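# Analysis of the macromolecular model
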Amino acid sequence: MSDHDTRSRMPERAFFALTIAAVAVPLLVLLFLLVIVTRSGLTRLGWDFVTSYPSRHADHAGILPGLVGSLWLMGLTALIALPLGVGAAIHLEEYGKQSRLSRLIEINIANLAGVPSIVYGLLGLGLFVRTLHMGRSVLAGACTLALLVLPMVVMVSREALRTVPMSLREAAYALGATRWQTIRQVVLPQAYPGILTGAILALARAIGETAPLVVVGALTYITFVPDGVDAPFTALPIQIFNWVSRPQRAFVVNAAAGIVVLLATMLVLNGAAIYLRNRLQKKRA
Amino acid sequence: MNDKTMTTTRFAAALLLSVAGYACSSRPAADSTAAAPAVPAPASAPTAAPAPAAAPAPSAPAIIAIDGSSTVFPINEAVAEEFQKANKAKVTIGVSGTGGGFKKFCAGEIAIAGASRPVKPSEAELCATAKIEMIELPIAYDGLAIVVHPSNSWAKSITVAELKRLWEPAAQGKVMKWSAVRTGWPDKEVHLFGPGVDSGTYDYFTKAINGEEHKSRGDYTSSEDDNVLVQGVSRDPLALGFFGLAYVTENRDKLKPVPVDDGDDKNGKGPIAASQTTVRDGTYQPLSRPLFIYVNKAAASRPEVAAFAEFYLTKGEKLVNDAHYIALPAKAYELALARFKKGTTGSLFGGAGGSQIGVTVEALLAREQ
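Right, let's talk about the nonpolar core for a bit. Ranked by size, the top nonpolar core spans 107 residues in total, and within it Ile64(B), Ile75(B), Leu240(B), Leu287(B) and Phe308(B) carry the most contacts. If we skip the residues at most four places from it in the chain, Phe308(B) touches Ile64(B), Ile66(B), Val79(B), Ala80(B), Phe83(B), Val91(B) and Ile112(B).

What follows is the structure, given as structure tokens:
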């Protein structure tokens, strides 16, 4: 009997160990990266570093234009990609569910999510910078990043809408609600947490992108921060990449400090989104 | 959710949509990075004389847009930093490579292009069709160093002919061992490291060693990031690589530079090691190259651009050294400044034959006088 017990528990335990490993491995790698980067960048981290402009003297150089540029990009990208993405998801999921066209669109969106980011950069260069005359501005960069993350926003939002039970919609209809009222007052509030998760993922992807921004025309050296959507800009990853490729080793320390700033920025953005999600979840309960 | 919050949410959503819609559609076509409108400049126009009456008085500081080579970037950055301390104009610098820089330059998007090789005929043609004239200004020297692993005991020097044997297109898959480069060297594999084929550095090296720009064997480890090459060579006892001298100076303990013999005793006998001195006096040949900036002639009539170029050529020497490159002789800066003030367009260094190899900058500039 006990023999049988241990035997049946074996796979259970093995699986449990596997899941622990699955959690631990990425966490350890991330921790390793964090420790190394923080240790090598520690000497440069400080208020000065965050508030200074780039310089040829590594110990005076700061990351302000990159940081502000990235914040501008994230803000504008969210403003553009979220309404469009959620709107598209609502249409596909709530209005056009059955049509062949909507299935075709679904396949295409899934494919778009796999297109290399440099291709979006070229698209942004042709469409936003040249055709729409946005110039090499922070707006053109944000529109490009918005396109890049749009498939992800649409897909995750659709998944979130799909998890709302059909019975809730039917109940709303039974009470005489119109389709719009049902979506607005029943479906969307239920789906918000899922949609926000999608937004977090999308912004986390966008903040690390370099290649499309370089194609669109992000600068490397700039000593002022954007004062509007048509201003030239740079972003954190671009500044970090520039420092990494310099011959002087002191710049590599700056790069490490820059990476810490990038991670911290992402953490703050994600933290805000998670806070918002939890509040919405509580409200719903 | 009660009705009130719903209304707020709806309002917020509507606001977001309208902002996004506005953001992506309508926008004034004004492009702050574009070069000045093509003002017909008289041949002797670009002088430093500030002309507030002639320039449209902008409320925001004027922007001098620079783009181009990553090799020239550190010098541009140093000059921009110092220039901005004394001037109101703002400088922005992008890094899209020498070729990418010329594309933007010929589209009139930037005032100045940094280049680690002279303009190619095809690029000059592109600019000519767009009616954009360029003033070519040499600003510094860079040495391309040949490096091996510190434990390498055999490669004490190398000749240009041997480098060619190693790097020419025909060597691909054939010259795989050190012994095939010079008899007496060990019968071990040779591992090659070099910059990517899109870089001006690669173009110059292939022209200087193989005789033809952009032609070399393809089976070598390439990277656009020279620090990656430094890492590669420093970890591989059988490696040989080439990249900018600045990266050797900063990594003396990890790399061993190999003196190069060009077989021409007129510019120094025997193998010559790359250094600030040998690059500057023209004895480290043929792997010393000039670096350039190209100024849009129409943009040069803007006072801030003219001031920047003149600052570059008068105060540049120290800044070039700061950036770990090699300053030109003072005479060369004088000649370049004269060239700029005259507004001489076209390329002295490039032309149909590609890069001029083994000619000093001042000799070339003086030839024009």
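Having seen the model, we can carry on.
On to the packing of aromatic side chains. Per the stated rule, a full pass over the model turns up 15 aromatic pairs over all chains. Ring centres of Phe102(B) and Tyr294(B) lie 5.0 Å apart, and the angle between their planes is 70 degrees; this geometry places the pair in the edge-to-face category. Of the two residues, Phe102(B) sits in helix 3 (residues 97-106) while Tyr294(B) sits in strand 11 (residues 288-296), which places them 192 residues apart along the sequence. Take Phe102(B) and Tyr294(B): they sit in the same class, and that class is buried. An aromatic cluster of at least three residues, connected via ring pairs, comprises Trp167(B), Tyr202(B), Phe205(B), Tyr220(B) and Phe242(B). In this arrangement the basic side chain of Arg246(A) is found over the ring face of Phe251(A), its NZ or CZ atom lying 4.4 Å from the centre.

Turning our eyes to something else, we now look at the confidence of the model for chain B. All names here are of chain B. Averaged over every residue, the pLDDT of chain B is 82; residues scoring 70 or more account for 81%. The secondary-structure element of chain B with the lowest mean pLDDT is helix 1 (residues 3-25), recorded at 44, while strand 3 (residues 112-115) shows the highest, at 95. Ignoring residues within four places in sequence, the model shows residues 1-58, a span with pLDDT below 50, making 68 contacts including any to other chains. ipTM for the predicted complex: 0.83, alongside a pTM of 0.82.

This part is about the packing of helix 2 (residues 73-86) of chain B against helix 10 (residues 303-322) of chain B. All names here are of chain B. As a packed pair, helix 2 and helix 10 sit with axes 9 Å apart at the nearest point and diverge in direction by 115 degrees. On the basis of their axis angle, the class for helix 2 and helix 10 is roughly perpendicular. By crossing handedness, the relation of helix 2 to helix 10 is classed as right-handed. Here Ile 75, Asn 76, Ala 78, Val 79, Ala 80, Glu 82 and Phe 83 of helix 2 come into contact with helix 10, specifically with Glu 304, Ala 307, Phe 308, Phe 311, Tyr 312, Leu 319 and Val 320. Broken down by class, the residue content of the contact of helix 2 with helix 10 amounts to 11 nonpolar, one polar and two charged.

Thresholds, definitions, all that
Residue positions are given per chain, counted from 1 along the sequence in the order it is written. Labels follow written order: the first chain is A, the first ligand is 1, and so on. Given that this is a predicted model, residues contribute local features only at a pLDDT of at least 70 and side-chain atom pairs are listed and counted only at 80 or more, while totals for whole chains, interfaces and linings are drawn from all residues. With hydrogens and water set aside, each side-chain value is computed from the structure's full complement of heavy atoms. Put simply, a nonpolar core is a bunch of buried Ala, Val, Leu, Ile, Met, Phe, Trp, Tyr and Cys residues held in one set by side-chain atoms that sit within 4.5 Å of each other. Burial classes: relative accessible area under 20% of the type maximum marks a residue as buried, over 50% as exposed, and values in between as partly exposed (1.4 Å probe, protein chains only). The contact criterion used is simple: two residues touch if any of their non-hydrogen atoms lie within 4.5 Å. Paired rings are identified among Phe, Tyr and Trp, the last through its six-membered ring, by centres lying within 6.5 Å, and are further divided according to the angle between planes into stacked (under 30 degrees), edge-to-face (over 60) and tilted (the rest). Put simply, DSSP H or I for four residues or longer makes a helix, DSSP E for two residues or longer makes a strand, and each gets a number counted from the N terminus. Any Lys NZ or Arg CZ found within 6 Å of a ring centre and within 35 degrees of that ring's normal is scored as a charge over the ring. Known as pLDDT, the predictor's confidence for each residue is given on a scale from 0 to 100. Each axis is a line fitted through C-alpha atoms, and for a helix only the stretch in contact is used; angles between axes span 0 to 180 degrees, taken between their N-to-C directions. Should an angle fall under 35 degrees it is called roughly parallel, over 145 degrees roughly antiparallel, and 65 to 115 degrees roughly perpendicular, with every other angle called oblique. Crossing handedness: left-handed means the near helix sits turned counterclockwise from the far one by under a right angle, and right-handed means the same turn made clockwise. Under the convention adopted here, Pro, Cys and the residues Ala, Val, Leu, Ile, Met, Phe, Trp and Tyr are nonpolar, Asp, Glu, Lys and Arg are charged, and Gly plus all remaining residues are polar.

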